[in-house]
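# Summary of structural features
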Amino acid sequence: MKELYYLKEFQYFDGEEFVTFNIYFLNREKNVVTLVVTNRGKISITDYDLYEDKNGLYFEYGPSFEKIKIDDFQECD
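Residues numbered from 1 in each chain as written. Predicted model: local features only at pLDDT ≥ 70, side-chain atom pairs only at ≥ 80, totals over all residues. Heavy atoms only, no water.

## Some words on the sheet that holds strand β4 (residues 42–49)
Taken together, 4 strands build an open sheet; the order of strands is β1-β2-β3-β4 and the sheet is antiparallel. Because the sheet does not close on itself, it has two edges, and the strands there are β1 (9–13) and β4. Neighbour to neighbour, the strand axes of the sheet diverge by 30° on average, direction disregarded. Relative to strand β3 (residues 32–39), strand β2 (residues 18–27) runs antiparallel, the two being bridged by 8 bridges. Among the inter-strand pairings, Val19 is bridged to a residue of β3, identified as Asn39. (Pairing = 2+ DSSP bridges. Helix = DSSP H or I, 4+ residues; strand = E, 2+ residues; numbered from the N terminus. Axes fitted to C-alpha atoms, helices over the stretch in contact; angles between N-to-C directions.)

Put into structure tokens, the structure is as follows:
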């Protein structure tokens, strides 16, 4: 399953800046996604809990717990 999502990218506008997420690893058994997060010039590797609803897999980000869908990630250009 790692190959399906590895390094796919998503950009999220937080109201001030774009935050870029790249999938490093997606673990369905533990319901965790490991992401490389680029935010205001800083790069971090962070685990997020995965959730699932009728629209698919997602994780929550930021103080407002914005839902970011895994299916919205795309191949890097």
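## With respect to the packing of aromatic side chains
Evaluated as defined, the whole model comprises 9 aromatic pairs. With a centroid separation of 5.0 Å and 55° between ring planes, the pair formed by Phe13 and Phe18 is classed as tilted. Of the residues examined, Phe13 reaches a relative accessible area of 43% and is grouped as partly exposed. What links up through ring pairs into an aromatic cluster is the set Phe10, Tyr12, Phe21, Tyr48, Phe59, Tyr61 and Phe73. One Lys or Arg, Lys67, reaches over the ring of Tyr58 and ends 4.7 Å from the middle of that ring. (Phe/Tyr/Trp six-rings, centres within 6.5 Å; stacked < 30°, edge-to-face > 60°. Buried < 20%, exposed > 50% of the residue type's maximum accessible area, 1.4 Å probe, protein only. Lys NZ or Arg CZ within 6 Å of the ring centre and 35° of its normal.)

## So, the environment of Asp14
With respect to the helices and strands, the residue Asp14 is situated in the loop between β1 and β2. Its relative accessible area of 29% is what places Asp14 among the partly exposed residues. As a C-alpha pair, Asp14 and Gly62 span 48 residues in sequence and 8.2 Å in three-dimensional space. Of note is the side chain of Asp14, whose polar atom sits 2.9 Å from the backbone nitrogen of Glu16. At 2.8 Å, the side chain of Asp14 forms a polar contact with the backbone nitrogen of Glu17. (Polar contact = N/O pair within 3.5 Å; in protein donor to acceptor, adjacent residues only side chain to side chain.)

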